Amino acid sequence: MNFYLCLASLCLGLAAAIPPFDRALDSQWHQWKAQHGKSYEANEDSLRRAIWEKNLKMIERHNQEYRAGKQSFQLGMNKFGDMTTEEFQEAINFYNSSASQRRTKRYLHREPLLAQLPESVDWREEGYVTPVKNQGQCLSCWAFSAVGAIEGQWFRKTGELVSLSIQNLVDCTTSDSISSCHGGFMDRAFQYVQDNGGIDTEECYPYVGEVNECKYQPECSGANVVGFVDIPSMDERALMEAVATVGPISVAIDGGNPSFKFYESGVYYDPQCSSSQLNHAGLVVGYGSEGIDGRKYWIVKNSWGELWGNNGYILMAKDEDNHCGIATEASYPEV
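Figured I'd write up the structure that's included with this text. (Residues numbered from 1 in each chain as written. Predicted model: local features only at pLDDT ≥ 70, side-chain atom pairs only at ≥ 80, totals over all residues. Heavy atoms only, no water.)

1. Brief notes about the side chain of Lys301
No. 1: By secondary structure assignment, the location of Lys301 is in strand E9 (residues 295-301).
No. 2: Despite its burial, Lys301 remains without a salt bridge, the nearest opposite charge being carried by Glu151 at 4.7 Å.
No. 3: At 3.4 Å, the side chain of Lys301 forms a polar contact with the backbone oxygen of Pro131.
No. 4: Apart from residues lying up to four places away in sequence, Lys301 is in contact with Val129, Thr130, Pro131, Val132, Gly282, Leu283, Val285, Gly312 and Tyr313. (Helix = DSSP H or I, 4+ residues; strand = E, 2+ residues; numbered from the N terminus. Buried < 20%, exposed > 50% of the residue type's maximum accessible area, 1.4 Å probe, protein only. Lys, Arg positive; Asp, Glu negative; His and termini not counted. Salt bridge = Lys/Arg side-chain N within 4 Å of Asp/Glu carboxyl O. Polar contact = N/O pair within 3.5 Å; in protein donor to acceptor, adjacent residues only side chain to side chain. Contact = heavy atoms within 4.5 Å.)

Written out as structure tokens, the structure is:
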């Protein structure tokens with residue numbers, strides 16, 4: 001059969017499979033597209049509308065359960081509304097097995113761990129954390145996480161909060177076999193900065209969200225790294241001590257579930273979240289508890305912009321059996 005006839009048949013088949021739209025949502029659909037700069041050809045518009053409606057109904061069902069006290073967090077429609085779960089997982093998956101060899105530097109190890117730690121910590125309040133940024137289409141969450149940890153440690157050392165260049169890492173850690181927009185790892189970023197003798201400032205080397213030629217300029221360096229520490233894997237108490245005594249900590253997590261995709265507020269807990277299948281990176285900037293039951297959480301800075309989650313942040317369940325792998329691959333730089 002002619003290729004174009006096959007394509008036409010496929011489109012007709014897909015169109016036939018699309019359920020009727022809820023016309024009461026027409027205005028909301030158009031507003032959502034305008035808000036997020038979305039536009040499609042006619043056939044794709046129908047497909048994306050169907051996916052969007054399915055996601056919206058899932059969000060509404062979840063929030064009904066939240067209001068009934070069956071969930072600890074709320075969901076909200078956002079820029080990922082036209083993506084299937086499979087598309088979303090592919091779009092955020094930073095994990096790169098060749099970049100994940102973290103057995104190269106010393107481990108945090110204290111015997112015993114500090115007995116008394118603060119009940120809550122928020123390094124944003126102490127000036128350690130730069131504003132939330134947006135990684136866009138580049139799978140560079142690992143670079144945002146690493147830069148956030150370096151920024152925090154540099155502030156701790158110097159008292160100066162410097163916004164550092166994610167693009168410097170994206171461009172300059174790419175090899176013949178690995179594109180930095182297709183995954184990376186935080187320890188690899190720390191090692192690059194150490195070997196390179198510095199990392200440029202964001203002002204000097206701004207983010208563009210794609211891999212280009214490395215343009216590091218030593219005169220623009222805003223910070224340096226002399227080593228890094230891997231926190232004992234799956235040990236939330238060790239992670240808590242590091243956050244309390246060191247500052248913001250880089251972590252890898254499972255961020256591929258629909259509930260994570262549409263998180264809006266509350267303490268995130270999803271039984272489907274894996275502690276070993278890690279596909280995203282963030283920055284733990286503190287911890288605390290909320291509600292009459294004192295549910296504990298980690299405060300995690302994401303790199304999907306301020307319109308995602310709670311102004312770009314998510315509260316992730318703490319002391320819940322290493323939920324979402326929050327303590328599986330945690331580390332921080334030494335400056």
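Here the narrative resumes, following the displayed structure.
2. Topic: the packing of helix H2 (residues 26-36) against helix H3 (residues 42-67)
No. 1: Following both chains from N to C, one finds H2 and H3 inclined at 105 degrees, their axes separated by 11 Å at the closest point. By the criterion of interaxial angle, the relationship of H2 to H3 is roughly perpendicular. On the side of H2, the interface is formed by Asp26, Gln28, Trp29, Trp32 and Lys33, while H3 contributes Asp45, Arg48, Arg49, Trp52 and Leu56. (Axes fitted to C-alpha atoms, helices over the stretch in contact; angles between N-to-C directions. Parallel < 35°, antiparallel > 145°, perpendicular 65-115°, else oblique.)

3. Quick look at the pattern of salt bridges
No. 1: Tallied over the entire structure, the rule returns eleven salt bridges.
No. 2: Lys33 is the partner of Asp45 in a salt bridge, and the nearest nitrogen-oxygen pair spans 2.8 Å. Taken as a pair, Asp45 in helix H3 and Lys33 in helix H2 lie far apart in primary sequence, twelve residues in all.
No. 3: Residue class for Asp45 comes out buried when judged on its relative accessible area of 18%.
No. 4: Counted as one network, the salt bridges with shared partners bring together Arg23, Asp26, Arg49 and Glu53.

4. Remarks on the packing of aromatic side chains
No. 1: Applying the stated criterion across every chain yields a total of 20 aromatic pairs.
No. 2: Pairing Trp123 with Tyr128 gives two aromatic rings, centres 4.4 Å apart and planes at 40 degrees, and the pair type is tilted.
No. 3: Residue Trp123 is classed as buried on the basis of its relative accessible area of 13%.
No. 4: Every member of this aromatic cluster is reached through a ring pair, and the members are Phe73, Phe80, Phe88, Phe260, Tyr263, Tyr268, Trp304 and Trp308.
No. 5: When the ring centre of Phe21 is taken as reference, the NZ or CZ atom of Arg49 above it lies at 4.8 Å.
No. 6: The residue whose ring lies beneath Lys318 is Trp298, and the NZ or CZ to ring-centre distance is 5.2 Å. (Phe/Tyr/Trp six-rings, centres within 6.5 Å; stacked < 30°, edge-to-face > 60°. Lys NZ or Arg CZ within 6 Å of the ring centre and 35° of its normal.)

5. Some details on the nonpolar core
For soluble globular proteins, nonpolar side chains are generally found buried alongside one another.
No. 1: Core analysis: the biggest nonpolar cluster contains 87 residues, and Leu169, Leu239 and Ile326 have the highest contact counts within it.
No. 2: In terms of residue count, helix H5 (residues 141-158) provides more of this core than any other element does, ten residues in total.
No. 3: If we skip the residues at most four places from it in the chain, Leu169 touches Trp142, Ala143, Ala146, Val147, Ser180, Ala189, Tyr192, Val193 and Ile199.
No. 4: Formed by six residues, the second largest nonpolar core is a distinct cluster that contains Trp29, Trp32, Tyr40 and Trp52. (Core = buried A, V, L, I, M, F, W, Y, C linked by side-chain atoms within 4.5 Å.)

6. What about the packing of H5 against helix H7 (residues 186-196)?
In a pair of packed helices, the angle between the axes and the distance between the axes together describe the arrangement.
No. 1: For the pair H5 and H7, the least separation of the axes is 8 Å and the interaxial angle reads 55 degrees. The angle between H5 and H7 places the two elements in the oblique class. Crossing geometry of H5 relative to H7 is assigned as right-handed. Between H5 and H7, the residues in contact are Trp142, Ser145, Ala146, Ala149 and Ile150 and Met186, Ala189, Phe190 and Val193, respectively.
No. 2: Looking at side-chain class alone, the contact of H5 with H7 contains eight nonpolar, one polar and no charged residues. (Left-handed = near helix turned anticlockwise from the far one by under 90°. Nonpolar A, V, L, I, M, F, W, Y, C, P; charged D, E, K, R; others polar.)

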